[in-house]
Amino acid sequence: MRDEAVRALRRGVAVLVLAALVLAPWTVDDYTVALLARTLALGLVGVSVALLTGVAGLPTLGQTAPYAAGAYASAVLGSRLSDVAVVHLVVAAAAGAALAAATVPLVVYARGVIVLMITLAIGELVVTVVGRWRSVTGGSDGLAGVPPVRPVWGLPVLATDRARYLYALVVVAVLVGAVLLVLHTRVGLLLRAGRDDEARLRASGHRVPAHVAVVHVAAGAVAGAAGSLLVVAQQFVSPADFGFDTSALLLLGVVVGGATSVGGALVGAVIVVAGRDWLFGVLPGYAPLVLGLAFVVTVYLLPGDGHRSAGGPGRLLPGLPASPGGRERPAPTGART
Amino acid sequence: MAVDTRIDPYLVPALDGVAYGLLVFVAAAGLVLCFGVAGILNLAHGTLYAIGGYTAAALLDGGWSSLLLALAVGTVAATAAGALVAGLLTRVAARSHLTQALLTFGLALVGGSLLVAAFGPDDPPVRVPAALDGSVAVAGHRYAAYRLVFIVVAAVLAGLLHVAVRRTRAGMLVRAAVDDAEMVAVLGVNPAWIRLGVLAAAGALAGAAGVLGAPIIGPGPDTADAVLLLSLVVVVLGGLGSMGGTLLAALAVGQIQTLGVALAPSAAPFLLFAAMAAVLAVRARGLATARRAS
C-alpha cells in the first residue's frame, strides 16, 4: 500500500544518508570534515529541539542554553577530570540536564508562543552570562586550545579531523538511536498524546506537567551531549556558537525536517546548517540577507498547515497509531488550548 | 560624566536607570501589543528600533529641526516596516506560532543586513541637539541634559500610550482583541486590520524609541538583538501582556543594568538572569494561565 511504499522509501533514504555520512570524510578535504563534525553536533541539538517542539509540543528557541552549558562543562570541567571523551560526554549531558532541570518551573506550565518567548529569553541570558563570566569561560574570546581527547580508555587520541568526525558520527548515531527507541515505547505515546490533547490525557489520570518536565530535562541532556561533541569537533568554544541565530536556524531545520520527526529534524538541521556555512563561504557579506530570504521563502513554501498532521506521512518514525483525522485536530506544535 | 561623590554616589546610576528603563519600556510596549493582540512573537522588533536609531544617526546635525525631522522620518519608516511585517504575516496568519516566529526572524535577518549595507558595519556616532549636549546640575551632580529631557519625553510617551489604550476606541478594540479575538471578529471588525494596526503602531513606538534613544542605546549591527532581548525580558517579567507590569519591569531592568552594576560589579552579569529566573519561578503558574496559547 501507499503507506508501506512511503515507509520503504523513507528507510531507503535513511540508509543512503547514513552511508553518505560514513563515507563523507574520505571524499572531502579536512576543513569540510571539521565543518561537518560541527554540523553533526548542531544536528544533535536539532534532535533535542524536535523532541520538545514536535514530540512534546513545546516550541523552543532556547536549546542553545543546555548546548552551551554542555560545551563549557566539557571544556572546563571535563578537561580537568580526564582525557576520555565519554567522560566529557557524560559531564556535558549532566550539565545540560541540570540547566534544563533548573528551568523546568519556567516552561512546565506554559504552552505555545509563551514557551517560545521564555526559552528565547533563557537562551539569550545564558549566552550573555557565558560572554561575561570571563574567569571561567574566557568571555567573548572563548576557550581556545582544548586538549585532544581519546574516545574511550585505551584507544589513541583523536588527532585528525577525520577521527573527530567519526567519533561525532558514532555518538550522534547512538544517541539518536536511543531517543528513537525510547519514543517507540509507551513514553513516546504519552508525550504525543499530551501534545495532541492535554485535557483528555489529564482526565485519564496522567500527570502531563511531569511528562513535560522529564522530556525537558532529557532534551537538555541531549543538547548538553551535543555541546561536548562541538568542543571535540572544533577544540574551541566561544559564545558566538550559541547565538540567537543558531536557535532560529535549528528551529528552521526542525520545521523543514517535519517537526514531529526526530530523524527528519536531524537531517533538516544538518541541511540548514550546512547551507548556512556554504552561503557564508560563497557570499561573504550577503549571507545574512540570503539566509533571511531563505527563511521567508521556506515559511511560504511549507505545506498548508505549516506542519503535516502528526499521523500522516512524512515522519521517519513508523509504527504509531494512525491519525484520526478531522479538521478540529490541533496543530502538532504549540496549540494546546 | 563628572560625578560629585560627596553626596549620594548612586544618584546618577539611578537616574540613568530611569532613562534606560523608560527607553526599554517604549521599545517593548510595541512587543506587548503584538504579543497580546495577535499572539505574534515579532523577532523583527529589534530591527524596527534599529531603523529609528540609524535614522537618528544619519539625520541629526545638532539642531532642533533635525531632531524633529529624524523623529518623523524614523517613526514613519519603522511604522512602514511594521506594516510590511504585518502584511507578510497575514498570508501565514492561520499557521502555527512557529512559522510566524521563523518568518519574523527571516525578516530581521534581511532588515539587519540591509541596514548594515546602507549605513556600514560600524556604530555610527549620534549628535544630540547642541542645546542639550551639555550637562545640568541635579542635586549637586552633573547629569547629561539630554537624558533628563529624554526621561520627561519618554514619560509623556508612556502616558499617551496609556491614554490611547485605555480611552480611545482603537485602544478598546485592541484590548477587546486581546481578550477575545473571535468575538471582535463577530462584531464586524476584521482581525487582519487590527493586526496591521497593532504591528504598525508597534513599529511607530519602536521607531520613535530608536530615534530618541539613539544617544542611550545607539544604532549598530548588534542593536537589534540587544533591544529585542531587553524587550523580551521586560515583556516576560511584566507578565506577558500587561502594560503596567511591563513598565514596572522595564524600570526594574533599567535599575539592574545601571544601579546594580554600580553596587555589585562582580555580580552584574548574573543580575538580569537571576531577576528573571526569580520572577518567573514565582509567577510561572500565573504566567501560563494568564494567556494560554491563543
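Look up: the structure comes first, before these words.
Novice: Give a description of the overall build of chain A that names residues and reports values.
Specialist: A tally of regular secondary structure across chain A gives 13 helices and 0 strands. Order of helices (α) and strands (β) in chain A, N terminus to C terminus: α-α-α-α-α-α-α-α-α-α-α-α-α. When the 337 residues of chain A are sorted by exposure, 56% land in the buried category. In chain A, the share of contacts with a sequence separation of at least 24, taken over all contacts with a separation of at least 6, comes to 78%. Element-wise, carbon and sulfur atoms account for 68% of the exposed surface of chain A, whose accessible area totals about 13,700 Å².

Novice: Go over the interface of chain B and chain A, please, and point to the residues and values.
Specialist: Between chain B and chain A, the contact holds 45 residues from the first and 48 residues from the second. Linking chain B to chain A there are 2 residue pairs in polar contact (both at pLDDT 80 or more). Among the secondary structure elements, those contributing two or more residues to the side of chain B that touches chain A are α4 (97-119), α9 (223-237) and α11 (268-290) of chain B. Residues belonging to the side of chain B that touches chain A are distributed by class as follows: 33 nonpolar, 6 polar and 6 charged.

Novice: Please give an account of the packing of aromatic side chains that cites residues and values.
Specialist: Residue and element names in this part refer to chain A. Following the criterion strictly, the structure yields 5 aromatic pairs over all chains and no others. Ring centres of Tyr 72 and Phe 242 lie 6.0 Å apart, and the angle between their planes is 50°; on these two criteria the pair is classed as tilted. Here Tyr 72 is found in helix α3 (residues 64-81), whereas its partner Phe 242 is found in the loop between α10 (208-234) and α11 (244-256), with 170 residues between them in sequence. Accessibility expressed as a relative area gives 6% for Tyr 72, which makes it buried.

Novice: Which residues make up a nonpolar patch on the surface, and what values do they have?
Specialist: Taken together, Trp 278, Val 282, Leu 283 and Tyr 286 of chain A make up a surface patch of nonpolar side chains, about 450 Å² in accessible area. Tracing the backbone shows Leu 283 of chain A in the loop between α12 (262-282) and α13 (287-301).

About the criteria used
Residues numbered from 1 in each chain as written. Chains lettered and ligands numbered in written order. Predicted model: local features only at pLDDT ≥ 70, side-chain atom pairs only at ≥ 80, totals over all residues. Heavy atoms only, no water. Helix = DSSP H or I, 4+ residues; strand = E, 2+ residues; numbered from the N terminus. Buried < 20%, exposed > 50% of the residue type's maximum accessible area, 1.4 Å probe, protein only. Contact = heavy atoms within 4.5 Å. Areas by Shrake-Rupley, 256 points an atom, 1.4 Å probe, with all protein chains shown as cover. Polar contact = N/O pair within 3.5 Å; in protein donor to acceptor, adjacent residues only side chain to side chain. Nonpolar A, V, L, I, M, F, W, Y, C, P; charged D, E, K, R; others polar. Phe/Tyr/Trp six-rings, centres within 6.5 Å; stacked < 30°, edge-to-face > 60°. Patch = residues over 30% accessible without salt bridge, like charges linked within 9 Å, V, L, I, M, F, W, Y side chains within 5 Å. Salt bridge = Lys/Arg side-chain N within 4 Å of Asp/Glu carboxyl O.

So, to be careful, I would describe these as geometric facts and stop short of saying anything about function.
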